Amino acid sequence: RKEVEQDPGPFNVPEGATVAFNCTYSNSASQSFFWYRQDCRKEPKLLMSVYSSGNEDGRFTAQLNRASQYISLLIRDSKLSDSATYLCVVKNQGGKLIFGQGTELSVKP
Amino acid sequence: DGGITQSPKYLFRKEGQNVTLSCEQNLNHDAMYWYRQDPGQGLRLIYYSQIVNDFQKGDIAEGYSVSREKKESFPLTVTSAQKNPTAFYLCASSSPGDTGELFFGEGSRLTVL
């Protein structure tokens, strides 16, 4: 089993749709969680950290369920510019950052 | 401006040659990382370093070597022992603590002919 697993993609959605990505992690001692965005042939960039109580940044909402070892990212009112690959990242207690394989999102007009 | 600089951006090499990819940061971060990304896949950790003069193997360290003689620099050598070296290589650093964000360089795209 991979340490971090994401929903297989790609997700093809119309503009304005709500889309949710899921991510599970296997190490219960993992301490920090992040969502990154990666545009084609570019470096990943931090989208948002994921806090225990859940957090929102504009149209983006991230949630963490430690009991189920599960992280989610919800994007509301999708824009064309949201098209990218979304990477779930988990940092374990040793400082090692583990990436999921990424979920590709394509928002169509 | 603070950031991470990787060089070269594109590199072509013949099979059997060692290649060194440069990574320099001026963010004063202790931790630095090297990842490899293959088409349609996520990032896989090659090596990471939490502090100067110390580094640990990641998940796919075979065929690679690193050094961390200075805080600012974490070069990666792709040796001839690496069976499939053609890939996109990303260097990153992170700020201290568990909430540290990863800052990436723009990547180095290595093609072995």
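Residues numbered from 1 in each chain as written. Chains lettered and ligands numbered in written order. Predicted model: local features only at pLDDT ≥ 70, side-chain atom pairs only at ≥ 80, totals over all residues. Heavy atoms only, no water.

Chemist: Describe the sheet that holds strand β3 (residues 19–25) of chain B, with residues and values.
Modeler: Residues and elements named next belong to chain B. Within the open sheet, the four strands sit side by side as β1-β3-β8-β7. Their pairing is antiparallel. Each end of this open sheet is capped by a strand with a single partner; those strands are β1 (4–7) and β7 (64–66). Neighbour-to-neighbour, the strand axes of the sheet open up by a mean angle of 20 degrees, direction not taken into account. The pairing of β7 with strand β8 (residues 76–78) spans three bridges and is antiparallel. Residue pairing for β8: V66 is matched across the bridge by L76. (Pairing = 2+ DSSP bridges. Helix = DSSP H or I, 4+ residues; strand = E, 2+ residues; numbered from the N terminus. Axes fitted to C-alpha atoms, helices over the stretch in contact; angles between N-to-C directions.)

Chemist: Explain the interface of chain B and chain A to me, and be specific about the residues and the numbers.
Modeler: Counting from both sides, the interface comprises 24 residues of chain B and, opposite them, 21 residues of chain A. For the pairing of chain B and chain A, the buried interface totals around 1,800 Å² over both sides, and the portion due to carbon and sulfur atoms is 50%. Between chain B and chain A we count zero salt bridges in total. Elements supplying a minimum of two residues to the side of chain B that touches chain A: β4 (31–37), β5 (43–51), β9 (87–94) and β10 (102–104) of chain B. The greatest single-element share of the side of chain B that touches chain A, amounting to four residues, is contributed by β5 of chain B. Considered class by class, the residues forming the side of chain B that touches chain A number nine nonpolar, ten polar and five charged. (Contact = heavy atoms within 4.5 Å. Buried area = accessible area lost by both parts, 1.4 Å probe. Salt bridge = Lys/Arg side-chain N within 4 Å of Asp/Glu carboxyl O. Nonpolar A, V, L, I, M, F, W, Y, C, P; charged D, E, K, R; others polar.)

Chemist: Could you give an account of the sheet that holds strand β6 (residues 55–57) of chain A, with specific residues and numbers?
Modeler: Residue and element names in this part refer to chain A. Reading across the sheet, the five strands line up as β1-β3-β8-β7-β6 and stay open at both edges, with antiparallel pairing between neighbours. Both outer strands of the open sheet, β1 (4–6) and β6, are each paired with one neighbouring strand and no more. Strand-to-strand twist of the sheet, defined as the mean angle between neighbouring strand axes without regard to direction, takes the value 15 degrees. Here β6 pairs with strand β7 (residues 60–65) via three bridges, running antiparallel. Paired with N55 across the strands is A62, a residue of β7.

Chemist: Now, about unusual backbone geometry: what can you tell me, with residues and values included?
Modeler: Residue and element names in this part refer to chain B. Following S7, the chain continues to P8 via a peptide bond in cis, the omega torsion being -5 degrees. Mapped onto the fold, P8 is located in the loop between β1 and β2 (10–13). Here the phi dihedral of N53 falls at roughly 65 degrees; this positive angle occurs in a residue that is not glycine. Here N53 shows up in the loop between β5 and β6 (54–57). On the basis of relative accessibility, which here comes to 62%, the residue N53 falls in the exposed class. (Buried < 20%, exposed > 50% of the residue type's maximum accessible area, 1.4 Å probe, protein only.)

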